[in-house]
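# Observations on the model geometry
Listed below, chain by chain, are the residues.
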Amino acid sequence: MKNLLLLPLIAISLMATAQTTSIPDVNFEQALITLGYDNVIDGGVLTANISGVTSLVVQSQNISDLTGIEDFTALTYLHVPIGVTNPITSLDVTQNTALTELYL
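This report concerns the structure included in the present document. In this text the structure is predicted, and so the values were computed from the model without any measurement.

## Concerning the packing of aromatic side chains
One pass over the full model with this rule turns up 2 aromatic pairs. Judged by centre distance (5.6 Å) and plane angle (50 degrees), the ring pair of Tyr77 and Tyr103 falls under tilted. In this pair, Tyr77 is assigned in strand E4 (residues 77-79) and Tyr103 in strand E5 (residues 101-103), connecting sequence segments 26 residues apart.

## Notes on the sheet that holds E4
On the basis of which strands lie adjacent, the open sheet formed by 3 strands has the order E3-E4-E5 and parallel pairing. The open sheet terminates on both sides in strands that have one partner only, identified here as strand E3 (55-57) and E5. Each adjacent strand pair in this sheet contributes to an overall mean axis angle of 5 degrees, direction not counted. The pairing of E4 with E5 spans 3 bridges and is parallel. Along E5, the bridge assignment pairs Tyr77 with Glu101.

## Here's the deal with the environment of Ser51
By secondary structure assignment, the location of Ser51 is in the loop between helix H3 (47-50) and E3. Residue Ser51 is classed as partly exposed on the basis of its relative accessible area of 28%. Remark: the alpha-carbon pair of Ser51 and Ala74, spanning 23 residues in sequence, is separated by 6.0 Å. For Ser51, the residues in contact, after removing those within four places along its chain, are Asp71, Thr73 and Ala74.

## Looking at the nonpolar core
The biggest cluster of nonpolar side chains holds 18 residues, and the ones touching the most others in it are Phe28, Leu56, Ile69, Phe72 and Leu75. Ranked by residues supplied to this core, first place goes to helix H2 (residues 26-34) with 3 residues. In contact with Leu56, other than residues within four places in its own chain, are Phe28, Leu32, Leu35, Tyr37, Ile69, Phe72, Leu75, Tyr77, Leu78 and His79.

Cut-offs used in this document
Numbers given for residues are sequential positions, taken from 1 along each chain in its written order. Totals for whole chains, interfaces and linings use every residue, but because this is a predicted model, local features are given only for residues with pLDDT of at least 70 and side-chain atom pairs only at 80 or more, for both listing and counting. Hydrogens and water molecules were not included; the side-chain quantities draw on all heavy atoms of the structure. Within 6.5 Å between ring centres, the rings of Phe, Tyr and Trp (the latter by its six-membered ring) count as paired, and their orientation is classed by plane angle as stacked under 30 degrees, edge-to-face over 60, tilted in between. Only DSSP runs of H or I reaching four residues or more are called helices, and only runs of E reaching two or more are called strands; each is numbered from the N terminus. Strands were regarded as paired on the criterion that DSSP finds at least two bridges between them. To define axes, lines are fitted to C-alpha atoms, for helices over the stretch in contact only, and angles between the resulting N-to-C directions are given on a 0 to 180 degree scale. Three labels apply to residues, based on accessible area from a 1.4 Å probe with only protein chains included: buried if under 20% of the type maximum, exposed if over 50%, partly exposed otherwise in between. Whether two residues are in contact is decided by their heavy atoms: any pair within 4.5 Å suffices. Among buried residues, those of type Ala, Val, Leu, Ile, Met, Phe, Trp, Tyr and Cys that are joined through side-chain atoms within 4.5 Å constitute a nonpolar core.

Printed below as a string of structure tokens:
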């Protein structure tokens, strides 16, 4: 009986400590959902789902804010065409230290 009670407590404990990354741009989050890294638009994504991503391509998504890209710590390739289809005005990739290819 003790083991049965511990399982829900362990599950709740793990859920409470799961780190999330803020994704304030709804279109960026929808792109992450389409790519399979997230499952619901709620302003965030589990950091564990994106920290191992090495390549990210988001074209024609109407993304204006890439806040959250800093937690893509394994990212080596980022392709986000900027302009009418992605009206991004600033991008900070200083935390993406593995990044070797950036296409804007």
